[in-house]
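Residues per chain are reported as follows:
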Amino acid sequence: MEPTSIADQLDEIVTRGIELAASDVHLEPREEFLRVRYRVDGLLQEGVQVPKKAQLALLSRLKVMVNLDIAESRLPQDGRTTFRRHDLRVSLVPTIHGEKAVIRLLNRKHAHLTLSELGLEPDDLTTYRRLIGKKTGLLLVTGPTGSGKTTTLYTTLTELNNKEVNIITIEDPVEYQLPGVNQLQVNQKAGLTFARGLRSILRQDPDIIMVGEIRDLETARIAVQAALTGHLVLATLHTNNASSALTRLVEIGIERYLVEATVIGVVAQRLVRTLANGAWRGWTGIYELLVGTQSGPASKKLLDDGEIKIGRGLTTREEVARVLSD
């Protein structure tokens, strides 16, 4: 049955993404039509093709949903809203055939997972809980975009959150709202950078600080200083494995002795699709955990953890090879 309006058509596209458990919906303008694709378990798959004549109206409707300027089509825009118990984060950029939109679908239940549901093996889970139980130090979570770093950190904060601690985050953007946690969102236009926000957080009597990403020397220095002065700091880095996170901090400009004095552990992770009744259903994490700045190998490599999941029939060798090919 054809949608009765542009609003219905957009609702159907987003609803289909939710039904597929997609992480993102792509609306991609082509010369003759608007292409719809869904990212499901890390891979894009085709959706409907929207007639070109409906493209402008559909994207305008999306802008209205997330309170963006419908007259602006030459500059990138970002917005957010809620839709059927999901948080939607929308990004639009201009292309030669019109504006391309990506709708990130954030299922609120993912913000309420427990650490035991992430896929950490029992020994690693015990070690990780010991690390996050410390009062001071820098704990890094690494991996490429889409590897589940934010989910791990949110799940960690949920476990640590209680009435006796002050938890503050600085994120770009805030993906989920965590009850009882004070969350700041980076706003480059207003001058609120990671570094500036982190400096302000230190004047807010925090116990636990979460930094969405360490991107530069200034942010790294403040995070290290916070870890040295009685705070537990959780942060992400974009590196391929646990040991390279330590090298990355040195490359950014942090003195090696400060890295050794502050880093209490590094978690590297990926997400792999899981099998149920012969079909892909959901995902689980594979992990590598490095305690402190030990010079030796991590207790278990990403590939080793993948082999454990393969042995249990949770995933396949091809799937593990795919996510570790970066």
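A. Summary view of the overall build of the protein chain. Broken down by element type, the protein chain carries ten helices and 13 strands. At 21 Å, the protein chain has a C-alpha radius of gyration in line with the 20 Å of a compact globule built from 326 residues. When its C-alpha atoms are laid out on the principal axes, the protein chain stretches across 60 × 50 × 40 Å. Taking all 326 residues of the protein chain together, the buried fraction comes to 48%. A fraction of 56% describes how many contacts in the protein chain between residues 6 or more apart in sequence connect residues 24 or more apart.

B. Up close: the packing of helix α1 (residues 6-19) against helix α2 (residues 55-65). α2 packs onto α1 with a crossing angle of 75° between their chain directions and a minimal axis gap of 9 Å. Here α1 is positioned roughly perpendicular relative to α2, judged by the angle of their axes. Between α1 and α2, the contacting residues are Ile6, Ala7, Gln9, Leu10 and Ile13 on the first element and Ala57, Leu58, Arg61, Leu62 and Met65 on the second.

C. The arrangement of the sheet that holds strand β11 (residues 232-237) in detail. Spatial strand order, β9-β8-β10-β11-β7-β12-β13: seven strands in an open sheet with mixed pairing. Every interior strand has two partners, whereas the edge strands, β9 (182-185) and β13 (279-291), have only one. Looking at each pair of strands side by side, their axes are set apart by 20° on average, direction ignored. Relative to β9, strand β8 (residues 167-171) runs parallel, the two sharing four bridges. Bridge pairing in β9 links Ile170 to Leu184. Across the face of the sheet, helix α3 (residues 122-132) comes into contact with β7 (137-142), β11, β12 (263-276) and β13 while running at roughly 60° to β13.

D. Broad picture of the pairing of β7. Counting buried positions along β7 yields six of six residues, so the element is predominantly enclosed. Of the two faces of β7, the one holding Gly137, Leu139 and Val141 and the one holding Leu138, Leu140 and Thr142 are both buried throughout. Both β7 and β11 contribute to a ladder of six bridges, which runs parallel. Residue pairing in the sheet places Leu140 in a bridge with Ala235 of β11. Sheet analysis places β7 next to β12, joined by five bridges and oriented parallel. By the bridge assignment for β12, Val141 is matched with Val267.

E. Representation of the environment of Gly253 within the structure. Relative to the helices and strands, Gly253 resides in the loop between α7 (242-252) and α8 (256-262). Between the alpha carbons of Gly253 and Leu217 there is a distance of 6.0 Å; along the sequence they are 36 residues apart. Those residues in contact with Gly253 that sit more than four places away from it in its chain are Leu217 and Arg221.

F. View of the environment of Arg312. In this structure, Arg312 sits in the loop between α9 (302-311) and α10 (317-323). Reaching out from Arg312, the side chain makes a polar contact with the side chain of Glu121 at a distance of 2.7 Å.

G. Summary view of α3. Within α3, the full set of buried residues consists of Asp124, Leu125, Thr127, Tyr128, Leu131 and Ile132. Each buried residue of α3 sits inside an arc of 165° when the element is viewed along its axis, so together they form one side. Seen from the buried face of α3, the exposed residues on the opposite side, beyond 90 degrees, are Pro122, Asp123 and Thr126. Lining the buried residues of α3 we find β7, α4 (149-160), β11, β12 and β13.

Reading guide: rules and limits
- Residues numbered from 1 in each chain as written.
- Predicted model: local features only at pLDDT ≥ 70, side-chain atom pairs only at ≥ 80, totals over all residues.
- Heavy atoms only, no water.
- Helix = DSSP H or I, 4+ residues; strand = E, 2+ residues; numbered from the N terminus.
- Rg over C-alpha atoms; globule rule 2.2 N^0.38 Å.
- Buried < 20%, exposed > 50% of the residue type's maximum accessible area, 1.4 Å probe, protein only.
- Contact = heavy atoms within 4.5 Å.
- Axes fitted to C-alpha atoms, helices over the stretch in contact; angles between N-to-C directions.
- Parallel < 35°, antiparallel > 145°, perpendicular 65-115°, else oblique.
- Pairing = 2+ DSSP bridges.
- Polar contact = N/O pair within 3.5 Å; in protein donor to acceptor, adjacent residues only side chain to side chain.
- Arc of directions from axis to C-beta.

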